[in-house]
Amino acid sequence: MDDHWGEIRRLIVTRRADRLAERVGTLGDEGRKEVAARLPALLKELRGVDRWDDGLSGYRVGLRVAGAGCLGGAAAVASWLYRRDLAPRWGGADNDVDLILAVLADRPATWRADLAERLVLRLRAADDRGVELALALLRETGIEPPPHDPLVAGWVDRGPARLGEDPLLDHLLPRLFEAEGVGRTLQWDREPGRGWLGALTDLAEAGRVKREALIDGCVRRFLRGGTPADLRFFVRLHEALDPSPAEASCHVRDYLHLLPAAPGPVAELAVKRLRSRADLPADDLAEAWDGLLFRPERTLVRAGLSWLTRSVRRDPALAGVIAAPLARGFAADSAELQETAVELAVAHADGMCEEGRAAIREAIAFLPPALGRRAAAAFAGGAVAEAEPVFTPPSPPPAPERARAVEPPIESAEELSQSITGWSDSWQSWERLLAGFVTLARRDRPGLVAATRDRLTDEHIWTYSQETWPRGEQWLRGAATALTGSSLTRNAWRRFLPGRGLAAPDLLLLHRAAEVLRAVEEDTLPPLLLATPTHDTGHVAAAELVRRLEVIEAAGAKPLAADLQQALLRLPRTPDPEAAERAARLTSAAGGIVAGWTCPEAHVTVDWTCTRGDQCPLDWRDQSHTHEVRLVPAALAAPTGLPLIDLVLSVPSHWAESEHVHWWPSMLPSHREVAAAYLMPHLLQRYWHGPAVRAQARPLARAEGPAGPAFAAVLARALGDRNTQESVDVLLEVAARGELPAAEIGRQTGLLLVSGEVRMIDMVAALDEMARRGGHDQVWRIAAAALPALLPAPGERPKVGLTGFVALARMTAEWCGACGEIPEVRDMAARKGNSGLLREVRRLHSQLTDGTGSTGQEG
């Protein structure tokens, strides 16, 4: 007996699972009992021997085969095969099914059937590792599978190979339409000639399964409900089977029940089957139309109205049952659909009973004023009182606080060490570390050396191997290295400073960092820095700046030049006379500069260009986008005599390298338009800096200074970016302060949409949300300024979604009582045609010129 175990053990340890299966088959009852008794100890011994993944990767198959062949009861075998430590770490199907079936072959049929049922009931998902073995045992034993949804999903997941010969087909096919998880497993099965879709339709055509059973199964699945993903395959199967009117006749009530609430694709196929029948009674038709016009999807409401129109035209007697569905149509969220419903109601008013006319009168309150008057004239003699609008826009939210105080300066080496550990790529982290470094270099040099050792100096060899240092953290490392006397380069502050290829704000930042390194090398550091922000916008309070100058002067030191210029750019735009008076009493030149400082103004322009050479985005409509659209900024300010400030306030038109794009608003918190101008070359990028730039809308919103085309372009681009979640909040905040350049945002919005840089659907969704949260007045001004660029010229194809944009413009114009003719809207309203876009343009023109929103002539 020991010899038997020794051989079994050797085969497991040497990973010879194939030989092991053969040897287990030769064991008698006593040998199997011995192996079963010793397996747990062997598993414990082998656990952890092989560290490749979880300690049993090489022995798992042998242990499972030995347990399946030697353990006595079916329950014990099922528990052994499902042991957690015998499951591969990365999941997946078992690769030992054939070996396990081989060692189970001589077990009694009832025993194997018991094991099959136990394995089935342990399944938890379609990709469970035990699915293959459970399916194989079911096929071998021929028993009816127990009802268990994961088994059906797993059967489906294995594919339909030789499906007509599968003994499980007759058992599991009816459950295909009931088991949870099957729809998601099959949601990508879409090719008619392949996969389950092709297999089932082929079997139905060959008579192996009944078409009626498949059609009935699909309908039952629709009635059970589910998400579009759950039902997608069954919709495809139903349409691939294409039920005839006779086959669909027994499901008329089912199709009617699907219309009000089933997912859109299911409702669409139900409409198709019902419309194909010419013998539906009036009550069923009324129920169908009522269900469709109840839907939120415009396409289904439009389909219901079209069906209703044709049916009543063919049989005028149906006018008696259309009132309730049309009353629902009055509440549609589309002016076009509302108008269609009103036209139908008015046209068939004489055929309606009094109950139906009453339903129409009650629904008039959902209509805009112009349509409401038309309906009232037909159903109430014009005596219906003007109803309040269905939606009354709220008041705009108040503006939040513009700026808050930042964390206090770093006071100790321990705090600086913690800040280095928690370093984040933000201007706040950089400013606190740089200020703490300078302060502690004079106050506690030994502590600073200890705090930065192994944190900032650990990569100094790699840092000094670079050609230039374009990032602030590299300069902080250099300063820390110089502080310890282990610098690898003399005059590193001059050696590693990049040239003028960087954007000017980055150059200003690096000049500040370089002068700190130089002061360390020359032992001329002041006791503190001037430009460290006092507020989270990046501002430095004037009184605090003067106090810092006083501390530096009292210490007999000189302020750093670039640091002073950055501090001036961070002063608030509102003068502080008391601080200026204190600064004038200082003896240093820096005090005189601060005392006489007035915020310089820069004139900013933004031009749209593209690589095709066109200067006007209106020339880009209906063009293939093989060109690259660019925003070219320019800014010019009167010279101040301070070189870095003059450099920063003169924005060049050419593109420049940048490493700290997301820091720029904090460096120019009183020059919002200049900071935005520097962002222009990056604003339309879809990768790298693009998302970071659009995220600067919030910091720019809380900055100070004129709001011109550059700031407007940033806001418009953020508004049309579905990934910028807070864009509406930002615009409402700026509007609450009275600083929103709505007309300029509208102009930039129109150019963004015309050039294809943003999607119409995203822009309309954001503007609609803004309007409904109290910004309707600003949304109207944005839309009115965008329309001249968006409305197509005669013969030109309109942008997709433009009808929705015009409808939004009309809605906000009504809410804010806008009036006044827009020439481009007037000219388009006079064109011939009756498209949805033309109808919306005519409504807008009427709203602006006579305040009614009526459609006018539609010839």
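Looking now at the overall build of the protein. Scanning the protein for helices and strands turns up 46 helices and two strands. When each of the 859 residues of the protein is scored for burial, the buried share is 53%. Residue pairs in contact within the protein that sit at least 24 positions apart in sequence constitute 71% of those at least 6 positions apart. Accessible surface for the protein amounts to roughly 37,900 Å². Of this, 51% is attributable to carbon and sulfur atoms.

Here we come to the pattern of salt bridges. Counting across every chain of the model gives 59 salt bridges. Across the pair Glu739 and Arg402 runs a salt bridge, and its minimum N-O distance is 2.5 Å. Within this pair, whereas Glu739 is found in the loop between α41 (727-736) and α42 (742-754), its partner Arg402 is found in the loop between α23 (369-379) and α24 (413-421), the two being separated by 337 residues in sequence. With relative accessibility at 22%, the residue Glu739 sits in the partly exposed group. In this structure, the salt-bridge partner of Arg773 is Glu769, at a minimum N-O distance of 3.0 Å. Pair noted here: Arg773 and Glu769 are both in helix α43 (residues 760-790), with a separation of four residues, about one helical turn. One salt-bridge network, held together by shared partners, links Glu339, Arg810, Glu814, Glu840 and Arg843.

Taken as a whole and assessed by the stated rule, the structure comprises seven aromatic pairs. Aromatic side chains Phe233 and Phe234 sit 5.5 Å apart centroid to centroid with 75° between the ring planes, which places their arrangement in the edge-to-face category. The class of Phe234 is buried, set by a relative accessible area of 0%. Ring geometry for Trp289 and Trp307: centres 6.3 Å apart, planes at 90°, overall edge-to-face. Here Trp289, found in helix α18 (residues 282-293), pairs with Trp307, found in helix α19 (residues 298-314); they are 18 residues apart in sequence, far enough to count as distant.

This part takes up the packing of helix α28 (residues 472-483) against helix α30 (residues 504-522). One can describe the packing of α28 onto α30 by two numbers: an axis separation of 9 Å at closest approach and a directional angle of 5°. Between α28 and α30, the angle falls in the class roughly parallel. Counted together, Gly472, Trp475, Gly478, Ala479, Ala482 and Leu483 of α28 and Leu509, Leu510, Ala513, Ala514, Leu517, Val520 and Glu521 of α30 form the full contact between these two elements. Here the residues of the contact of α28 with α30 sort into ten nonpolar, two polar and one charged.

Glancing now at the environment of Val103. In this fold, Val103 is placed in helix α6 (residues 97-104). Not counting residues within four places of it along the chain, the set of residues in contact with Val103 comprises Ala21, Val24, Val65, Ala68 and Gly69.

What follows deals with α28. Given a rise of 1.5 Å per residue, twelve residues ought to cover 16 Å, and the 17 Å separating the end C-alpha atoms of α28 matches this to within 8%. For α28, the full list of buried residues reads Gly472, Gln474, Trp475, Leu476, Arg477, Gly478, Ala479, Ala480, Thr481, Ala482 and Leu483. Positive backbone phi, at 80°, marks Gly485, one or two positions downstream of α28.

Located in the positive-phi region is Arg15, a residue other than glycine, with phi close to 65°. In this fold, Arg15 is placed in the loop between α1 (2-13) and α2 (17-25). Classification of Arg15 as partly exposed rests on a relative accessible area of 44%. A positive phi angle, close to 50°, is found at Asp242, a residue other than glycine. As for its placement among the helices and strands, Asp242 is situated in the loop between α14 (228-241) and α15 (245-249). Take Asp242: its relative accessible area is 44%, and that puts it in the partly exposed class.

We now examine the side chain of Glu704. Summarising the element assignment, Glu704 is placed in the loop between α39 (697-702) and α40 (709-719). Buried charge Glu704 goes without a salt bridge, the closest partner of opposite sign being Arg402 at 4.6 Å. In this view, Glu704 contacts Arg402, His539, Pro572, Arg573, Pro669, Ser670, His671 and Arg672; residues no more than four positions away in its chain are not counted.

When a protein is soluble and globular, its nonpolar side chains tend to lie buried together. Phe437, Leu740, Trp780, Phe805 and Leu844 are the most contacted members of the largest nonpolar core, which totals 154 residues. Top contributing element to this core by residue count: α43, with 16 residues. When sequence neighbours within four positions are dropped, the list of residues in contact with Trp780 reads Ala809, Thr812, Ala813, Cys816, Ala818, Ile822, Leu844 and Leu848.

At a minimum axis distance of 10 Å, the contact between helix α9 (residues 149-157) and helix α10 (residues 169-176) shows a crossing angle of 105°. Looking at the two axes, α9 sits roughly perpendicular to α10. Contacts between α9 and α10 involve Leu151, Val152, Trp155 and Val156 on the former and, on the latter, Leu169, Leu172, Leu173, Arg175 and Leu176. Split into classes, the residues belonging to the contact of α9 with α10 amount to eight nonpolar, no polar and one charged.

For the rest of this paragraph, the subject is the confidence of the model for the protein. Per-residue pLDDT for the protein has a mean of 87; in total, 90% of the residues score no lower than 70. A low-confidence stretch, residues 383-390 (pLDDT under 50), is modelled with eight contacts involving residues beyond four sequence positions or located in other chains. Segment residues 622-626: pLDDT under 50, and five contacts once partners within four positions in sequence are set aside and those in other chains are kept.

A cluster of basic side chains, namely Arg275, Arg310, Arg313 and Arg314, defines a positive patch on the protein surface. Tallying contributions element by element places α19 first for the positive patch, with three residues. Mapped onto the fold, Arg313 is located in helix α19.

With that out of the way, let us pick up the side chain of Gln566. With respect to the secondary-structure elements, Gln566 resides in helix α32 (residues 561-569). The exposure class assigned to Gln566 is buried, which follows from its relative accessible area of 0%. At a separation of 2.9 Å, a polar atom in the side chain of Gln566 contacts the main-chain carbonyl oxygen of Met667.

We now examine the pairing of strand β2 (residues 629-637). Only one face of β2 is covered, namely the face carrying Val629, Leu631, Pro633, Ala635 and Ala637; the face carrying Arg630, Val632, Ala634 and Leu636 is uncovered. In terms of strand pairing, strand β1 (residues 602-610) meets β2 through nine bridges, oriented antiparallel. Its bridge partner being in β2, Ala602 is matched across the sheet by Ala637.

Reading the values: the criteria
Residues numbered from 1 in each chain as written. Predicted model: local features only at pLDDT ≥ 70, side-chain atom pairs only at ≥ 80, totals over all residues. Heavy atoms only, no water. Helix = DSSP H or I, 4+ residues; strand = E, 2+ residues; numbered from the N terminus. Buried < 20%, exposed > 50% of the residue type's maximum accessible area, 1.4 Å probe, protein only. Contact = heavy atoms within 4.5 Å. Areas by Shrake-Rupley, 256 points an atom, 1.4 Å probe, with all protein chains shown as cover. Salt bridge = Lys/Arg side-chain N within 4 Å of Asp/Glu carboxyl O. Phe/Tyr/Trp six-rings, centres within 6.5 Å; stacked < 30°, edge-to-face > 60°. Axes fitted to C-alpha atoms, helices over the stretch in contact; angles between N-to-C directions. Parallel < 35°, antiparallel > 145°, perpendicular 65-115°, else oblique. Nonpolar A, V, L, I, M, F, W, Y, C, P; charged D, E, K, R; others polar. Expected span 1.5 Å × (residues − 1). Lys, Arg positive; Asp, Glu negative; His and termini not counted. Core = buried A, V, L, I, M, F, W, Y, C linked by side-chain atoms within 4.5 Å. pLDDT = per-residue confidence, 0-100. Patch = residues over 30% accessible without salt bridge, like charges linked within 9 Å, V, L, I, M, F, W, Y side chains within 5 Å. Charge placed at Lys NZ, Arg CZ, Asp CG, Glu CD. Polar contact = N/O pair within 3.5 Å; in protein donor to acceptor, adjacent residues only side chain to side chain. Pairing = 2+ DSSP bridges.

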